[in-house]
Amino acid sequence: MKHIIKFGAYLLLLASVACASSKDQASPEAIAALDKMISDQQFEIDANWAQPMASQGLNSIANAGLLPFGSTASRIDISGSGGYLRMVGDSVKADLPFFGERRMGGYYNQNKAGIKFEGVPKDLSFSSNKKDSGKTMRFNITEDSESYQVIAQLYPNGNARLTVSSSQRTNIWYQGNLSEYKKKE
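Analysis parameters
Residues numbered from 1 in each chain as written. Predicted model: local features only at pLDDT ≥ 70, side-chain atom pairs only at ≥ 80, totals over all residues. Heavy atoms only, no water. Phe/Tyr/Trp six-rings, centres within 6.5 Å; stacked < 30°, edge-to-face > 60°. Helix = DSSP H or I, 4+ residues; strand = E, 2+ residues; numbered from the N terminus. Buried < 20%, exposed > 50% of the residue type's maximum accessible area, 1.4 Å probe, protein only. Salt bridge = Lys/Arg side-chain N within 4 Å of Asp/Glu carboxyl O.

K.L.:
Quick question: what am I supposed to make of the packing of aromatic side chains here?
P.N.:
Aromatic rings considered in pairs are described by the distance between their centres and by the relative angle of their planes. All chains considered together, the criterion is met by three aromatic pairs. Summarising the aromatic geometry, the rings of F43 and F126 are spaced 6.5 Å apart at their centres and angled 80° between planes, so their arrangement reads as edge-to-face. Of this pair, F43 sits in strand β1 (residues 42–52) while F126 sits in strand β6 (residues 122–128), placing them 83 residues apart in sequence. The exposure class of F43 is buried, given its relative accessible area of 0%.

Next comes the structure, spelled out in structure tokens:
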């Protein structure tokens, strides 16, 4: 009977450890580095994945095999495309590939097929995430006749998620790597 109780206690301990939250806690150094990038406003997000809004047109492209290897209609590998969002001082600049549909309004410019903007954002704000040690950046910006609303989730582990809503296109999400921006010479 003693062995059964010990065995039961061991199983209970093992189960509680196995079921414990596996959420990684950020180190104080990583949180400080994120805070410094934000306070200095010197960072860059290199996009690796695009997650466009599902549509029949995008599904047709995926079924035809026209997406990069390992991609689906809802998650497209864009690593190596050079897509980025950069903040330097009070200005933001983005050049992100776009997968989705253009809505009514606006005009098509073959030299600006992706999401491209540059300038001083309006309504820029940073806030702390409630569930983790990350930060949320929000801003609006207009380029030519197109307006963008951008929300970026910035994490101390170097990950980032972007949500881009446009006045002329379907919404799209990006995942990528966050790093301090250093001007390349």
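Moving on, there is more to tell.
K.L.:
What exactly am I supposed to notice about the pattern of salt bridges here?
P.N.:
Applying the stated criterion to the full structure yields four salt bridges. A salt bridge links D35 to K135; its shortest N-O distance comes to 3.6 Å. Of the two residues, D35 is situated in helix α2 (residues 28–40) and K135 in strand β7 (residues 135–143); the sequence distance between them amounts to 100 residues. Assessed through its relative accessible area of 32%, D35 is described here as partly exposed. Of the charged contacts, one joins K36 and D40 as a salt bridge, the two residues approaching to 2.6 Å between their closest N and O atoms. In this pair, K36 and D40 both sit in helix α2, four residues apart, roughly one turn of the helix.

The values reported here are purely geometric and, on their own, carry no functional implication.
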